[in-house]
Amino acid sequence: MEDQQLFTIAIYTENHVGLLNQLSIIFTRRCLNIESVSASASAIEGVHKIHLTCFSDRRSLEKAIQQIERRIDVIKAFLYTDEEVVHQEVALYKVSTQKLLEEKNLEEIIRRHNARILDITPDYTILEKTGHSDETESLFQELKSYDLTQFVRSGRISITKSPIELVDAYLSSQEERRKRLTHDD
Amino acid sequence: MSEIITGAEAIVRGLICEGVDRVFGYPGGAIIPVYDTLYDYADKITHVLTRHEQGAIHAAQGYARASLRTGVVIVTSGPGAANVITGLSDANVDCTPLVVIIGQVNSWLLGSDSFQETDVVGITQPISKWTIQIRNSADIPAALAKAFYIANTGRPGPVVLDIAKDAQTGTLEWDRYRRCNFIRSYIPYPEVHDTDLQVVASLINSADRPLVLAGHGVMISGAEKELSALVEKADLPVASTLLGLSTMPSDHPMYKGMLGMHGNIGPNVNTNRADLIVAVGMRFDDRVTGELDKYAPNAKIVHIDIDAAEFDKNVKSYVKIHGDAREVLHRLYPFVREAKHTDWQKSFDTCAKIETEKIIQPELCNDDPDGMCKMGEVARKVSLAAGIDPILVTDVGLNQMLSARYFRYTAPRSIITSGGLGTMGFGLPAGIGAKMGAPHRTVCVFTGDGGIQMTVQELGTIMQYGVAVKIIVLNNNYLGNVRQWQALFYNNRFSQTPMVNPDFVELADAYGIKAENVEKRSQLDGAITRMMEYDGPYMLNVTVDECDMVFPMTPNGCAVDYVMLSKDEIFDVNTLND
Ligand SMILES: Cc1cc2nc3c(=O)[nH]c(=O)nc-3n(C[C@H](O)[C@H](O)[C@H](O)COP(=O)(O)OP(=O)(O)OC[C@H]3O[C@@H](n4cnc5c(N)ncnc54)[C@H](O)[C@@H]3O)c2cc1C
Ligand SMILES: Cc1ncc(C[n+]2csc(CCOP(=O)(O)OP(=O)(O)O)c2C)c(N)n1
Ligand SMILES: [Mg+2]
């Protein structure tokens, strides 16, 4: 068995209904557990970008990527290790305002973790922390002892460090092909 | 000039613009508008009404594989849709181009568990090349065009259109139909580079023991001539997968036989002795490779395939050529040098000699007139009596393995069989479609007593349309293939494999299909002659011995060169090492 690690999978797709389903069944079939998901529009008009993280070995995920790319509506899919991308996630925390005022070191914790306050009411305060999962996790661990009532963490989003934009290159070569084809018509 | 037409009308006109003149299907509430339109276009599109939707989709598969055209299926929602699932899965794994049009409930009812609603997109997505739900009439022409483009380009496969009833009854503006030739996220025919081909050529030019594996993809791309030219020039022995059978004629000097679990000895044993394997349009199914860790240990593997997802999926390759087999083989030709591999070629003959003696002769050359026929013997005789370039269509089981092994192939696309899914019940309806797709060729359907009963209702379709298929039931009154495993690996405990069967001749008779029994060898030749001379459908119910098995056999989990010649004899690989 090869070494297991957390990989980021970035998938560029057409914006069609049912796409996430097409992708998730590929993971299900291969018994791969998706750790996090995040989907949104990309910088390219009409192109959707889906980020998944998955804890597995490279070979298994490479096979999954091949099967993902085989889907007609998928434009490109990539597999990254943490070193190859800049990645972030957002976490929100709801703590008791009372506690926050009482316990001096809570304020210190917030500052130390570089968290932000999004909302304060007499009952609760909502904090936000953006960072790597170990960072959002460590704030969670500290807040646990202070009447934390809700905690939620987004899926990972990432941007590649490579200077080459493969999807742009692919799309422009496809655009060339389309023009040739309509020309032949 | 544009006009206002209904969605149903657009579907039918679109089919005609795609060159469709035959569809297979079964009507129902959610697809009635399309059937109503088909009524007006009966002069342009022949609709074949099968007796079950599974029959319709297998018939469309047979049609597609015999003609290389796209098979079209039209069925209703809910149960109609559910009944095509087996065929979709089968077509998906066996690279068969289909457009499957499924009626769906009115769009405003979607998701409400309304009458005959089923989640077609959800169910079919994992087993089709592409699926789309259409809720607006105006989306129909473009979706249909896309469906045909996707189904029959690149690696072919089934495409599903799930069309809400109100999209069929609603209207749209129609001016002209635009066929699709471009999808941004899809490259069906990737570019092949000479530099990669030169690498392959130098491997071929320096190999001592090269072996070419020809798969279904060679025939899908129509690369049979290019393959022969290449292997004749460089003196390369060729072995084929089950679905690659008939890529080369059975008697071609370079053709060495079938690979895999029930393939020929030479191709399997020499897979593990080869120093170079060039796999073309085949996907290293586990029935072909046996135990992966012991597969082709001495060979560098070149994998030529149009589907990048096949590379390194099962077998790691040394060079991958992502492209269409025909183009690749054509462009490879000039880089390959003429060569001779005399000793290597001879080693196949050595294997063939042993196989002939131990397995083929006993299967084909028994001359006891009162004995029961052997399955292989029947297949060989039928193929030789069936005129020019007959097509073998099989069901699944011993009947499949033995007819595939012993049928003589003279032209490409002469075998239509359920390979990847192994669907019992495939044979009879696929035979109907094959005959419609290749009307001038004799279609011989080999089936078992078990398999035929899974879709036996299609005798009604044969009757209604007078489809001139020749049906050969190899009747051992057993689920024979399972019985073989029980005999070899489960201590003769024949759990739920014996079957009490109807009188198949009387059954055929009830459908007005001529039929006769062949109980012993002396009756075989006459029966085959009568069947072939008869102008129309015909059935032979041939009694075969329940104890007959198919050999050679590489059992599950064994290396390909572990070849059982019988229950108690293993092929000795050392025979080749002197
Ligand atoms: C009871 C039973 C026993 C069996 N025993 C055997 C056996 O002994 N031996 C055996 O071989 N099989 C056997 N099979 C069948 C086996 O399961 C597979 O179906 C078969 O091996 C697949 O053959 P294939 O890879 O050639 O075809 P496919 O599965 O159809 O794959 C075709 C390949 O060609 C590629 N392709 C398609 N178009 C092109 C193109 N234009 N250019 C290039 N590539 C293209 C596709 O991407 C795909 O990778 C058995 C099946 C059953 C039911
Ligand atoms: C739909 C389906 N169910 C079960 C099987 C498992 N199976 C494979 S071969 C076989 C026996 C086939 O019996 P028969 O049709 O009589 O053919 P024979 O092997 O006897 O020639 C069975 C049950 C299958 N392939 N397909
Ligand atoms: Mg049987």
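Computed from a predicted model, the values in this text were never measured in an experiment.

K.L.:
How do you make sense of the site of ligand 2 when you look at a structure like this?
P.N.:
Residues and elements named next belong to chain B. Contacts to ligand 2 come from 18 residues, most closely from Leu398, Gly422, Gly451, Gly480 and Asn481. Here an oxygen atom of ligand 2 and a side-chain polar atom of asparagine 399 are 2.9 Å apart. In the environment of ligand 2, an oxygen atom lies 2.9 Å from a nitrogen or oxygen atom belonging to the backbone of tyrosine 478. Summarising the interface, the protein chains cover 76% of the accessible area of ligand 2, which totals 580 Å² for the free molecule. Those elements giving two or more residues to the shell around ligand 2 turn out to be helix 17 (398-406), helix 19 (449-452) and helix 21 (480-489).

K.L.:
Sorry, what's going on with the side chain of B:Ser114 here?
P.N.:
Residues and elements named next belong to chain B. With respect to the helices, strands and loops of the structure, serine 114 is situated in the loop between strand 5 (98-104) and helix 6 (120-124). Using a relative accessible area of 14% as the deciding quantity, one classes serine 114 as buried. Once residues within four sequence positions are removed from consideration, serine 114 is found in contact with Val105 and Leu109.

K.L.:
Explain the pairing of strand 2 (residues 34-41) of chain A to me, please; I cannot follow it from the model alone.
P.N.:
The side chains of a regular strand alternate, residue by residue, between the two faces of the sheet. Relative to strand 3 (residues 47-56) of chain A, strand 2 of chain A runs antiparallel, the two being bridged by 7 bridges. What sits directly across from A:Ile34, in strand 3 of chain A, is A:Cys54.

K.L.:
Would you take a moment to explain the coordination of the magnesium ion (ligand 3) for this structure?
P.N.:
The textbook angles at a metal center are 109.5 degrees for a tetrahedron of four donors and 90 or 180 degrees for an octahedron of six. Within the protein, B:Asp449 (OD), B:Asn476 (OD1) and B:Tyr478 (O) serve as the donor atoms for the magnesium ion (ligand 3), at 2.1 to 2.2 Å. For B:Asp449, a relative accessible area of 1% translates into the label buried.

K.L.:
Before we go on, may I ask you to explain the site of ligand 1 in this structure?
P.N.:
Residues and elements named next belong to chain B. In the region of ligand 1, 38 residues are neighbours, and His216, Thr241, Arg283, Asp305 and Asp324 sit closest. A distance of 3.4 Å is found between a nitrogen atom of ligand 1 and a backbone nitrogen or oxygen belonging to isoleucine 306. In this structure, glycine 420 approaches ligand 1 through a main-chain N or O atom, which is 3.0 Å from an oxygen atom. Mapped onto the shell around ligand 1, the elements with two or more residues apiece are helix 10 (216-220), helix 13 (286-289) and helix 17. Residue contributions to the shell around ligand 1 peak at 3 residues, all from helix 10.

K.L.:
What's the story with the interface of chain B and chain A in this structure? I'm lost.
P.N.:
Bring the parts together and some accessible area is lost; that lost area is often taken as the interface size. Counting residues at the interface gives 27 residues for chain B and 28 residues for chain A. Of the roughly 2,200 Å² buried between chain B and chain A, counting both surfaces, carbon and sulfur atoms make up 46%. When the area that chain B buries against chain A is broken down by residue, the three leading residues are B:Gln125, B:Phe182 and B:Arg184, summing to 32%. Linking chain B with chain A are 3 salt bridges. A salt bridge links B:Arg184 to A:Glu14, with the nearest nitrogen and oxygen atoms 2.9 Å apart. In this structure, the connection of chain B to chain A is made through 16 residue pairs in polar contact (both at pLDDT 80 or more). Here the element with the most residues in the side of chain B that touches chain A is helix 7 (residues 140-151) of chain B; it accounts for 3 residues. Partitioning the side of chain B that touches chain A into residue classes produces 12 nonpolar, 5 polar and 10 charged.

K.L.:
Whenever I open this one, the domain arrangement of chain A confuses me. Can you help?
P.N.:
Domain annotation of chain A identifies domain 1 (5-80) and domain 2 (86-157). A separation of 30 Å is found between the C-alpha centroids of domain 1 of chain A and domain 2 of chain A.

K.L.:
Explanation requested: the sheet that holds strand 4 (residues 74-80) of chain A in the structure shown.
P.N.:
Strand pairing in a sheet relies on backbone hydrogen bonds. The paired strands run either parallel or antiparallel. All names here are of chain A. What the 4 strands build is an open sheet, ordered 2-3-1-4; its pairing is antiparallel. Because the sheet does not close on itself, it has two edges, and the strands there are strand 2 and strand 4. Put simply, the sheet's adjacent strands are angled 15° from each other on average, direction ignored. With 10 bridges connecting them, strand 1 (residues 5-14) and strand 3 associate as antiparallel partners. Within strand 3, the residue paired with phenylalanine 7 across the bridge is cysteine 54. Helix 2 (residues 58-70) rests against strand 1, strand 3 and strand 4 of the sheet, and its axis sits at about 170° to strand 4.

K.L.:
What am I meant to see in the packing of helix 16 (residues 375-385) of chain B against helix 17 of chain B here?
P.N.:
In a packed pair of helices, the relevant descriptors are the angle between the two axes and the axis-to-axis distance. Residues and elements named next belong to chain B. One can describe the packing of helix 16 onto helix 17 by two numbers: an axis separation of 8 Å at closest approach and a directional angle of 50°. Here helix 17 runs oblique to helix 16, going by the angle between their axes. As helix 16 runs across helix 17, the sense of the crossing is right-handed. For the pair helix 16 and helix 17, the contacting residues are Met375, Gly376, Ala379, Arg380 and Ser383 in the first and Leu398, Asn399, Leu402, Ser403 and Tyr406 in the second.

K.L.:
Is there a simple way to think about helix 1 (residues 7-17) of chain B in this case?
P.N.:
The periodicity of an α-helix, 3.6 residues per turn, causes residues three or four positions apart to be oriented the same way. Residues and elements named next belong to chain B. Of all 11 residues that make up helix 1, 9 are buried, and the element is covered over most of its length. When helix 1 is considered as a whole, its buried residues turn out to be Gly7, Ala8, Glu9, Ala10, Ile11, Val12, Arg13, Gly14 and Leu15. Two residues or fewer past helix 1, glycine 19 is found with a positive phi of approximately 85°.

What counts, and where the lines are drawn
Residues numbered from 1 in each chain as written. Chains lettered and ligands numbered in written order. Predicted model: local features only at pLDDT ≥ 70, side-chain atom pairs only at ≥ 80, totals over all residues. Heavy atoms only, no water. Near = heavy atom within 4 Å. Polar contact = N/O pair within 3.5 Å; in protein donor to acceptor, adjacent residues only side chain to side chain. Areas by Shrake-Rupley, 256 points an atom, 1.4 Å probe, with all protein chains shown as cover. Helix = DSSP H or I, 4+ residues; strand = E, 2+ residues; numbered from the N terminus. Buried < 20%, exposed > 50% of the residue type's maximum accessible area, 1.4 Å probe, protein only. Contact = heavy atoms within 4.5 Å. Pairing = 2+ DSSP bridges. Donors = N, O, S within 2.8 Å, 3.2 Å for Na, K, Ca; no water. Buried area = accessible area lost by both parts, 1.4 Å probe. Salt bridge = Lys/Arg side-chain N within 4 Å of Asp/Glu carboxyl O. Nonpolar A, V, L, I, M, F, W, Y, C, P; charged D, E, K, R; others polar. Domains from an automatic or database assignment. Axes fitted to C-alpha atoms, helices over the stretch in contact; angles between N-to-C directions. Parallel < 35°, antiparallel > 145°, perpendicular 65-115°, else oblique. Left-handed = near helix turned anticlockwise from the far one by under 90°.

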